[in-house]
Amino acid sequence: MHTADSRDAIAHKGTLRIDLLRVGLATAVILLAPLVAMQFTHQVAWTGFDFAIAALLVSGAGLACLRTARRVAHRQPWQRIAAVAAVALAAVWLWLELAVGVLFKLGS
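For the structure given in this document, a descriptive report is provided here. Note that the structure is predicted; figures quoted are calculated from it, not measured.

**Brief notes about the overall build of the protein chain**
Phase 1: Counting secondary structure elements, the protein chain contains three helices and zero strands.
Phase 2: Counting the 108 residues in the protein chain, one finds 15% classified as buried.
Phase 3: The contacts in the protein chain between residues at least 6 apart in sequence include a share of 38% that link residues at least 24 apart.

Right, dumping it as structure tokens:
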């Protein structure tokens, strides 16, 4: 006999696969920009390590945004937007910090 909790877990497992697929595809599409740019200019010179770090950061940010959105789904719309925006801004800040070292010079 299934309980409501087990049905929710089964439904969540199905949506988790879809979410992982969406985040993976979005990450691949985003990383196509520097890959294509490398074919046309020498100003973009990413290594495999750069792509790996970018993939980790973009996919991690996407999954963190999805998790945050689910955790605050019962809140007001402006609270949900603010929570997801805070996670996204943290990811952008980390990307900038790794790229050019805005405050702490982590990447340079």
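**Some points on the pattern of salt bridges**
Phase 1: Summed over the entire model, instances satisfying the criterion amount to one salt bridge.
Phase 2: When the shortest N-O distance is used, the salt bridge between arginine 70 and aspartate 19 registers 2.5 Å. Taken as a pair, arginine 70 in helix α2 (residues 48-71) and aspartate 19 in helix α1 (residues 4-40) lie far apart in primary sequence, 51 residues in all.
Phase 3: The exposure class assigned to aspartate 19 is buried, which follows from its relative accessible area of 9%.

Procedures and definitions
Residues numbered from 1 in each chain as written. Predicted model: local features only at pLDDT ≥ 70, side-chain atom pairs only at ≥ 80, totals over all residues. Heavy atoms only, no water. Helix = DSSP H or I, 4+ residues; strand = E, 2+ residues; numbered from the N terminus. Buried < 20%, exposed > 50% of the residue type's maximum accessible area, 1.4 Å probe, protein only. Contact = heavy atoms within 4.5 Å. Salt bridge = Lys/Arg side-chain N within 4 Å of Asp/Glu carboxyl O.

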